[in-house]
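Results of the structural survey
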Amino acid sequence: MKYMLEINNLIKKINGKKILDIDNIFIEKNKIIAVYGLNGSGKTTFFNIVAGVDENFIGSYNLHCEKLGYIVQFVENIVCKRNIFSEINSIVKNISITEEILQKLGIYERKDDSPFNLSDGEKRVMFIKSVLAVSECILADEPFANLDKKSKEMIKKSFKESKENGKTIIYSANRIHDTKIADIVLELKNGKLKKRDN
Ligand SMILES: Nc1ncnc2c1ncn2[C@@H]1O[C@H](COP(=O)(O)OP(=O)(O)OP(=O)(O)O)[C@@H](O)[C@H]1O
Ligand SMILES: [Mg+2]
């Protein structure tokens, strides 16, 4: 199957107002795709539908992906485990991968520390790295928001490496600058999702 995501006339209304009105979109596998749109343009609404969190919509879509990872907006707010090691391991379910991620993040010696003690940016990178490690395709809602240059670079590098490993990444951004690493940029505007020349 060449496409990871196929959308045919997908409409989402909230309180009678059309938030999404997407005609036809085909997203190929093994690419980095950016969904660019301003605040309130419907990015999270779109991601929630594609991720299967929101089933209240009209139309259809097909997602060809065995292992989908969804990095929600403000993922940094959902830390719940007792220590950083457990937080990562609860996602990857593999001790050696967990240790590798801890090493890569440079926080191995903090593995018994509470995840609440990480900065918001550090938490976000931790979740993104963990979810990327175990997913075939990844939806990441606003992964770059409020991150400094170093953290952004780390995530961009992870996205590129994941693509080299055959994965597909769809992420959202509200700054055009943050879409530069994408192979394809889709713009969400007035409910329509359209390819944009990058
Ligand atoms: N439960 C709701 N009730 C009413 N309006 C809603 C609801 N959820 C979303 N909306 C509206 O739908 C539109 C799209 O919201 P959405 O959260 O998808 O935007 P977004 O592109 O993700 O924005 P941001 O960049 O701020 O994250 C907004 O105008 C929002 O006010
Ligand atoms: Mg949003």
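So, here is what we can say about the structure in this document. (Residues numbered from 1 in each chain as written. Chains lettered and ligands numbered in written order. Predicted model: local features only at pLDDT ≥ 70, side-chain atom pairs only at ≥ 80, totals over all residues.)

The subject of this paragraph is the pairing of strand 1 (residues 3-14). One ladder, built from ten bridges, connects strand 1 with strand 2 (residues 17-28); its direction is antiparallel. Each residue of the ladder has a partner; that of isoleucine 7, found in strand 2, is isoleucine 25. A loop of two residues connects strand 1 with strand 2, the two strands running antiparallel in sequence, and asparagine 15 in this loop sits at a positive phi of about 50°. (Pairing = 2+ DSSP bridges. Helix = DSSP H or I, 4+ residues; strand = E, 2+ residues; numbered from the N terminus.)

Taken in spatial order, the six strands make up an open sheet running 5-6-7-3-8-9, and their pairing is mixed. Edge positions in the open sheet fall to strand 5 (68-71) and strand 9 (192-196), since each of these has one partner strand only. The sheet shows a mean angle of 20° between the axes of neighbouring strands, taken without regard to direction. Relative to strand 6 (residues 137-140), strand 5 runs parallel, the two sharing four bridges. (Axes fitted to C-alpha atoms, helices over the stretch in contact; angles between N-to-C directions.)

Once that is clear, we can look at the pairing of strand 9. Pairing analysis gives five bridges linking strand 8 (residues 184-189) to strand 9, with the strands arranged antiparallel. When the sheet's bridge partners are listed, valine 185 is paired in strand 9 with arginine 196. Once strand 8 ends, the chain turns through two residues before running back antiparallel as strand 9, passing asparagine 190 with a positive phi of about 50°.

In the vicinity of ligand 1 there are 13 residues, among which Asn39, Gly40, Lys43, Thr44 and Thr45 approach most closely. By residue number, the principal contributor to the shell around ligand 1 is helix 1 (residues 43-50), which donates three residues. Residues that form the shell around ligand 1 fall into these classes: two nonpolar, ten polar and one charged. (Near = placed C-beta within 6 Å. Nonpolar A, V, L, I, M, F, W, Y, C, P; charged D, E, K, R; others polar.)

Along its 16 residues, helix 5 (residues 149-164) runs 22 Å from first to last C-alpha, staying within 8% of the 22 Å computed at 1.5 Å per residue. Of all the positions in helix 5, only Met154, Ile155, Phe159 and Ser162 are classed as buried. Taken around the axis of helix 5, the buried residues stretch over an arc of 135°, which confines them to a single face. Turned more than 90 degrees away from the buried face of helix 5, the exposed residues are Lys149, Lys150, Glu153, Lys157, Glu161 and Glu164. With its phi angle positive at about 90°, glycine 166 sits one or two positions after the end of helix 5. (Expected span 1.5 Å × (residues − 1). Buried ≥ 20, exposed ≤ 12 C-beta atoms within 10 Å, placed from the backbone. Arc of directions from axis to C-beta.)

Closest axis-to-axis distance for the helix 3 (residues 95-105)/helix 4 (residues 120-134) pair is 11 Å, and the angle between their directions is 140°. Between helix 3 and helix 4, the angle is such that the two are oblique. Note that helix 3 runs across helix 4; the crossing there is right-handed. In this structure, helix 3 contributes Ile97, Ile101, Lys104 and Leu105 to the contact, and helix 4 contributes Val125, Met126, Lys129, Ser130 and Ala133. Residue composition of the contact of helix 3 with helix 4, by class: six nonpolar, one polar and two charged. (Parallel < 35°, antiparallel > 145°, perpendicular 65-115°, else oblique. Left-handed = near helix turned anticlockwise from the far one by under 90°. Contact = placed C-beta atoms within 7 Å.)

Note that every value here comes from positions in space, so none of it alone points to a role or purpose.
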